[in-house]
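# Tertiary structure, described
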Amino acid sequence: QGPKEGTAVLLRCGVFALDPARPPVFLEKTQDLGWKNGLIVYARHCLSNVAAAFVSLHLSWDSPRGRARMLQSCVAALPARSPVVIGGDFNTEVQDLSPLEQVMATESASLEPLNRLPTPCGIPTGLDDQFRLHPAHTIDHIYT
């Protein structure tokens with residue numbers, strides 16, 4: 001149902017490898033999650049064997065509740081005290097991230113605090129309503 005869209009996590013060969021003990025988690029498209037999806041991949045650093053989680057999310061553009069629920073589902077599945085990278089299309093401008101950051105802070109009590117990597121100034125990460133790049137339109141974000 002609806003457009004066929006998805007998420008992906010790419011791991012650099014020789015740096016990280018999939019953790020065979022933890023299969024990836026696919027957050028399915030549902031009404032509760034705003035009809036968008038997400039993917040959590042558990043990996044291990046090839047040299048140190050340190051476990052890490054990599055998340056790719058595509059959050060709803062028209063459902064604040066769906067965005068929050070997707071983020072809650074994602075953070076609840078993350079391992080405690082492991083390095084985490086969360087990235088993707090948040091469909092949320094920088095000035096409107098506070099509610100989502102509050103969800104991450106509340107839901108991730110067992111994780112280290114997550115910090116957003118700043119997007120370089122003047123580099124848009126999304127399209128405007130006319131499907132053109134717009135320098136003030138930043139909706140893709142990365143947290144570590």
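Fair warning: this is a prediction, and the values are worked out from it, not measured in the lab. (Residues numbered from 1 in each chain as written. Predicted model: local features only at pLDDT ≥ 70, side-chain atom pairs only at ≥ 80, totals over all residues. Heavy atoms only, no water.)

## Looking at the overall build of the protein chain
- Helix and strand counts for the protein chain come out as two helices and seven strands.
- Its helices and strands in sequence order give the protein chain the pattern β-β-β-β-α-β-α-β-β, from N to C terminus.
- Within the protein chain, the fraction of its 144 residues that count as buried is 38%.
- Contacts in the protein chain between residues far apart in sequence, at least 24 positions, make up 64% of those at least 6 positions apart.
- Surface exposure of the protein chain reaches about 8500 Å², of which carbon and sulfur atoms provide 58%. (Helix = DSSP H or I, 4+ residues; strand = E, 2+ residues; numbered from the N terminus. Buried < 20%, exposed > 50% of the residue type's maximum accessible area, 1.4 Å probe, protein only. Contact = heavy atoms within 4.5 Å. Areas by Shrake-Rupley, 256 points an atom, 1.4 Å probe, with all protein chains shown as cover.)

## Observations regarding the packing of aromatic side chains
- Tallying each qualifying case throughout the model produces two aromatic pairs.
- Taken together, a centroid distance of 5.7 Å and an interplanar angle of 35° make the contact between F90 and Y143 tilted. Taken together, the positions of F90 in the loop between β5 (84-89) and α2 (98-107) and Y143 in strand β7 (residues 140-143) put the pair 53 residues apart, joining distant regions of the chain.
- Exposure remark for F90: the relative accessible area of 0% places this residue in the buried category.
- Y143 gets classed as buried once you look at its relative accessible area, which sits at 1%. (Phe/Tyr/Trp six-rings, centres within 6.5 Å; stacked < 30°, edge-to-face > 60°.)

## Some thoughts on the pattern of salt bridges
- As enumerated under the stated definition, the model contains one salt bridge in all.
- Of the charged contacts in the structure, one is a salt bridge between R44 and D19, with a shortest N-O distance of 3.3 Å. Of the two residues, R44 is situated in strand β3 (residues 38-45) and D19 in the loop between β1 (16-18) and β2 (25-27); the sequence distance between them amounts to 25 residues. (Salt bridge = Lys/Arg side-chain N within 4 Å of Asp/Glu carboxyl O.)

## Examining the side chain of S60
- Relative to the helices and strands, S60 is located in the loop between β4 (51-58) and α1 (64-76).
- You can call S60 buried: its relative accessible area is 1%.
- A polar contact is formed between the side chain of S60 and the side chain of D62, at a distance of 2.9 Å.
- Reaching out from S60, the side chain makes a polar contact with the backbone nitrogen of S63 at a distance of 3.1 Å. (Polar contact = N/O pair within 3.5 Å; in protein donor to acceptor, adjacent residues only side chain to side chain.)

## Some words on α1
- Counted at 1.5 Å a residue, the expected span for α1 with its 13 residues is 18 Å, and the 18 Å between its end C-alpha atoms agrees.
- By the burial criterion, the buried members of α1 are G66, R67, A68, M70, L71, C74 and V75.
- For α1, the secondary structure elements touched by its buried residues are β2, β3, β4, β5 and α2. (Expected span 1.5 Å × (residues − 1).)

## Remarks on α2
- Within the sequence span of α2, burial applies to L100, V103 and M104. Mapping the buried residues of α2 onto a view down its axis gives an arc of 95°, with all of them on the same face. Turned more than 90 degrees away from the buried face of α2, the exposed residues are S98, P99 and A105.
- In this fold, the buried residues of α2 make contact with α1, β5 and β7. (Arc of directions from axis to C-beta.)

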